[in-house]
Amino acid sequence: MGVEPLLESEAARILGERARVQAGRGGVEVLPRQSQGMAECVFLLNLESRLAQRVLWRVAQRIYRHEDDIYAMARQVDWSAWITPRQTLRVDVTARRSPLRSLNFASLRVKDAVCDVLRDKAGERPSVDTQRPDLSLVLHLDELQALLYVDTSGEALFKRGWREDTGEAPLKETLAAAMLAAADWQGRPEDGPLLDPCCGAGTIPIEAAQIACDIAPGLQRRFAFERLLPFRAHLASWQSIREAARQRRHPPRVQIFAGDVSFRMTDFATRNAERAGVRDVIEFKTADALQRPAPVERGVLMFNPPYGERIDPKGSGSSHARAEQRAGREDFEDREEAGAFFLRLSAHWKRQYSGWTAWVLSPDMKLPGAMRLKETRRVVLFNGPIECRLFRFDMVAGAMKPVRSDAPAEPAPDQSVD
């Protein structure tokens, strides 16, 4: 949630005149202009979207009152056109204010319908595989309406295929891409160089490097549609689309810098960048964010504040020992520790990064006050279920405004991403 307008713009750019795209709650709806173009839309969105979690193909919908309505809806679909009895399936259910008492039973009714259709058609029924099914179905229920989708993606699209080294609580690739999209950073010369001074496993700089080189995010992975019958006649087109995406890579037109105070995390990020094909595009440096000077005169800081081990200056062994006992990025030891870190960070940025633009993702709505900075924009984003703000700070030289200890930070009005 919060990324729908960004996803709408991205999907419209990817599909061009092939489809009409409109934003909804928690996603966008794609309406191909020609029915024969649906497969191509599925291919392109899975391969090219950096913001979507999944590409779902709606196959049925109806008003429902109880589980028998769910069964009747799923029974009307010709599942023999999707899989054979020798293939496998799984059904997941999401709901918002559904009157049904058991979502598990609703899932079973969909499974029963698929199996009954295939048994009637072929004399056999498919098996259930909850790990790697050939056909993954998503049933969504609201107060009145049931919608049934085929998941054409398989694994969630944030799994790009290059991340093996993670560290604690890594940022999802889709959220990193949303941060870059909200900042309108597209790797153009006018966007300027990008620096992530606490890069962790490297998610933000790797996403930025792939954007700067025009590397499709799905090039290194497989998709569920490759195992589904409706797409088999179009696999030659799919291979052509993949190859065209592979051939269009170009050198970056901006510099990308990254690093971390932890040698371990910098090493993780470097290895992930190697697997993502952008190791030569990112300049990694192990350095303390509170001391690292600006690598160039102007640029963009993209920052997901770290917690635990990665905020400690190099050489503070006792702090490192405490960090090893904590749960990664979850929290500082106390609010005073957090305040001291952000206050020192903003002072360092004032001295060293005048002329830069900083974007900081945080669940702390009072972060600008803690940093004694005035944000020029705030964007609502969700890190999983956690509501966050992406704050923009335009760094200018000069002293920070003093803040009375008893005065609350002045809140800025929320802005959506439209």
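What counts as what
- Residues numbered from 1 in each chain as written.
- Predicted model: local features only at pLDDT ≥ 70, side-chain atom pairs only at ≥ 80, totals over all residues.
- Heavy atoms only, no water.
- Helix = DSSP H or I, 4+ residues; strand = E, 2+ residues; numbered from the N terminus.
- Contact = heavy atoms within 4.5 Å.
- Salt bridge = Lys/Arg side-chain N within 4 Å of Asp/Glu carboxyl O.
- Buried < 20%, exposed > 50% of the residue type's maximum accessible area, 1.4 Å probe, protein only.
- Axes fitted to C-alpha atoms, helices over the stretch in contact; angles between N-to-C directions.
- Left-handed = near helix turned anticlockwise from the far one by under 90°.
- 1 Å grid on protein atoms, 1.4 Å probe; cavity = no way out; pocket = protein on both sides within 12 Å on 5 of 7 lines; lining within 4 Å.
- Points joined across faces, edges and corners; volume = space filled by probe spheres on them.
- Nonpolar A, V, L, I, M, F, W, Y, C, P; charged D, E, K, R; others polar.

K.L.:
Is there a simple way to think about the side chain of glutamate 173 in this case?
P.N.:
As for its position among the elements, glutamate 173 is in helix α5 (residues 173-182). Non-local contacts of glutamate 173, meaning those with residues more than four positions away in its chain, are made with Phe158, Arg160, Trp162, Arg163, Thr203 and Glu207.

K.L.:
Just to check I follow, could you spell out the pattern of salt bridges for this structure?
P.N.:
Opposite charge on two side chains permits them to pair, given that their charged atoms come into close proximity. According to the stated counting rule, one finds 30 salt bridges in the structure shown. Arginine 188 is paired through a salt bridge with glutamate 190; the nearest N and O atoms lie 3.8 Å apart. With a relative accessible area of 61%, glutamate 190 lands in the exposed category. Residues glutamate 387 and arginine 389 are paired through a salt bridge, measuring 2.9 Å at the closest nitrogen-oxygen approach. For arginine 389, a relative accessible area of 5% puts it in the buried group.

K.L.:
Just checking my understanding: could you explain the packing of helix α3 (residues 67-75) against helix α4 (residues 103-122) for this structure?
P.N.:
Between two packed helices, the angle of one axis relative to the other and the distance separating the axes together describe the packing. Where α3 contacts α4, the axes come no closer than 8 Å and their chain directions differ by 35°. Handedness of the crossing formed by α3 with α4: right-handed. Packed against α3, whose contacting residues are Glu67, Asp68, Ile70, Tyr71, Ala74 and Arg75, the element α4 presents Phe105, Ala106, Arg109, Val110, Asp112, Ala113, Asp116, Val117 and Asp120 at the interface.

K.L.:
Looking at this model, I keep getting lost on the layout of surface pockets. Mind explaining?
P.N.:
In this model, the largest pocket occupies a volume close to 2000 Å³. Surrounding the largest pocket, 50 residues form its lining, Arg25, Gly26, Gly27, Val28 and Leu56 being those nearest its centre. Looking at the lining of the largest pocket, the element that brings in the most residues is strand β2 (residues 27-32), giving six residues. When grouped by side-chain class, the residues that make up the lining of the largest pocket number 26 nonpolar, 13 polar and 11 charged.

K.L.:
Is there a simple way to think about the packing of α5 against helix α6 (residues 203-213) in this case?
P.N.:
Contact geometry for α5 and α6: axes closest at 9 Å, N-to-C directions at 65°. α5 and α6 meet at a crossing whose hand is right-handed. Of α6, the residues touching α5 (which contributes Glu173, Ala176, Ala177, Met179 and Leu180) are Thr203, Ile204, Glu207, Ala208 and Ile211. Classifying every residue of the contact of α5 with α6 gives seven nonpolar, one polar and two charged.

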